[in-house]
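# Working through the structure, step by step
These are the residues of each chain, in order.
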Amino acid sequence: MCTPAPSPTSDASGQLAEQLLSLTRRLHRAQRRHLEPLGITPAQSRLLRTVAHFDHDGRPPRMADLAERLDVVPRAVTTLVDALEAHGSVRRAPDPANRRVIRIELTDTGRSALRALRDARRAAAEDVLAPLSERQREMLGGLLDTLSAGPGGC
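These remarks concern the structure in this document. The shown structure was predicted, so the numbers you read here are calculated from the model rather than taken from an experiment.

## Looking at the overall build of the chain
Along its length, the chain carries six helices and two strands. Listing each helix as α and each strand as β along the chain from the N terminus yields α-α-α-α-β-β-α-α. What you see for the chain is a C-alpha radius of gyration of 20 Å, clearly larger than the 15 Å of a compact globule of 154 residues, by over 25%. When burial is assessed residue by residue, the chain has 25% of its 154 residues classed as buried. Taking the average place of the 23 positive charges on the side chains of the chain and the average place of its 19 negative ones, the gap between the two points comes to 3 Å.

## Quick notes on the packing of helix α3 (residues 63–70) against helix α4 (residues 74–87)
Between α3 and α4, the least distance of the axes is 9 Å, while the angle of their chain directions is 110°. Our classification of the angle between α3 and α4 gives roughly perpendicular. Judged by the twist between their axes, the crossing of α3 over α4 is right-handed. Of α4, the residues touching α3 (which contributes M63, L66 and A67) are P74, V77, T78 and V81. Its residues assigned to classes, the contact of α3 with α4 comprises six nonpolar, one polar and no charged.

## A word on the nonpolar core
Ranked by internal contacts, the top residues of the largest apolar core, which has 22 residues, are L47, L48, L66 and V81. Taken together, the elements giving at least two residues each to this core come down to α2 (42–56), α3, α4, β2 (98–106) and α5 (108–129). With five residues, the top contributor of residues to this core is α2. With sequence-adjacent residues up to four places away left out, L48 is seen in contact with I40, L84, S89, V90, L106, G110, A113, L114 and L117.

## Structural notes on the pairing of strand β1 (residues 90–95)
Two strands pair when backbone bridges link them, and β1 and β2 are joined in this way by six bridges, in the antiparallel orientation. Directly across from D95, in β2, lies its bridge partner N98. In this antiparallel pair of consecutive strands, β1 and β2, the connection spans two residues.

## Quick word on α4
Relative to the 20 Å expected for 14 residues at 1.5 Å per residue, α4 spans 20 Å between its end C-alpha atoms, a close match to the ideal helical length. A positive phi of about 90° marks G88, the residue just after α4.

## Brief notes about the pattern of salt bridges
Counted under the stated rule, the structure contains eleven salt bridges. The shortest N-O distance in the salt bridge between R91 and E105 comes to 2.9 Å. With R91 in strand β1 and E105 in strand β2, the pair connects residues that are 14 residues apart, well separated along the chain. Residue R91 is classed as partly exposed on the basis of its relative accessible area, which comes to 40%. Here E138 and R135 are joined by a salt bridge, their closest N and O atoms 3.7 Å apart. Taken together, the positions of E138 and R135, both in helix α6 (residues 134–149) and three residues apart, correspond to about one turn of that helix. One network of salt bridges, in which partners are shared, links R62, D65, D95 and R103.

## Quick word on the environment of T79
Note on placement: T79 falls in helix α4. Under the relative-accessibility criterion, T79 is labelled partly exposed at 42%.

## Focus: α6
An ideal rise of 1.5 Å per residue puts 22 Å on 16 residues; α6 measures up with 23 Å between its terminal C-alpha atoms. Just downstream of α6, G150 is the residue with a positive phi angle, here 85°.

## Examining a positive patch on the surface
Together, R25, R26, R29 and R32 line one region of the surface with positive charge. With respect to the element layout, R29 can be found in helix α1 (residues 8–35).

## Digging into the side chain of D65
Within the secondary structure, D65 is located in helix α3. In this structure D65 touches F54 and R103, once residues within four positions along its chain are discounted.

Scoring rules and cut-offs
Residues numbered from 1 in each chain as written. Predicted model: local features only at pLDDT ≥ 70, side-chain atom pairs only at ≥ 80, totals over all residues. Heavy atoms only, no water. Helix = DSSP H or I, 4+ residues; strand = E, 2+ residues; numbered from the N terminus. Rg over C-alpha atoms; globule rule 2.2 N^0.38 Å. Buried < 20%, exposed > 50% of the residue type's maximum accessible area, 1.4 Å probe, protein only. Lys, Arg positive; Asp, Glu negative; His and termini not counted. Charge placed at Lys NZ, Arg CZ, Asp CG, Glu CD. Axes fitted to C-alpha atoms, helices over the stretch in contact; angles between N-to-C directions. Parallel < 35°, antiparallel > 145°, perpendicular 65-115°, else oblique. Left-handed = near helix turned anticlockwise from the far one by under 90°. Contact = heavy atoms within 4.5 Å. Nonpolar A, V, L, I, M, F, W, Y, C, P; charged D, E, K, R; others polar. Core = buried A, V, L, I, M, F, W, Y, C linked by side-chain atoms within 4.5 Å. Pairing = 2+ DSSP bridges. Expected span 1.5 Å × (residues − 1). Salt bridge = Lys/Arg side-chain N within 4 Å of Asp/Glu carboxyl O. Patch = residues over 30% accessible without salt bridge, like charges linked within 9 Å, V, L, I, M, F, W, Y side chains within 5 Å. Areas by Shrake-Rupley, 256 points an atom, 1.4 Å probe, with all protein chains shown as cover.

What follows is the structure in structure tokens.
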């Protein structure tokens, strides 16, 4: 049985996928480089941002909330919280309504770290986007929005 030759469209799609993966890896490397002086890993940065998001809702998250939001196993969250707690960025606090429940709260150090993380992420993005003009960046943003929305545009 013969396998049909790939169509030019599938070759182009494969090439685009490779380019996107390469760009993602480059952005991750740039972020890691900019986060390193802060003593925070990209995974810890993501957890800190997630805690901050919950913090805005008025109730700090439980470990299970973080695991669900980050789509990781609870043990991974425990390791990240341990590291961020040692860094002074978060603290474990008992839930006032149920003392068996532990919530993860941002500290003042964590809030300061978030500001520094935002600056580091912007600098990393600028490293990657530097070759693009403002118009090209707008076009890229529109294309990425379209891709992020998925096939139904939702």
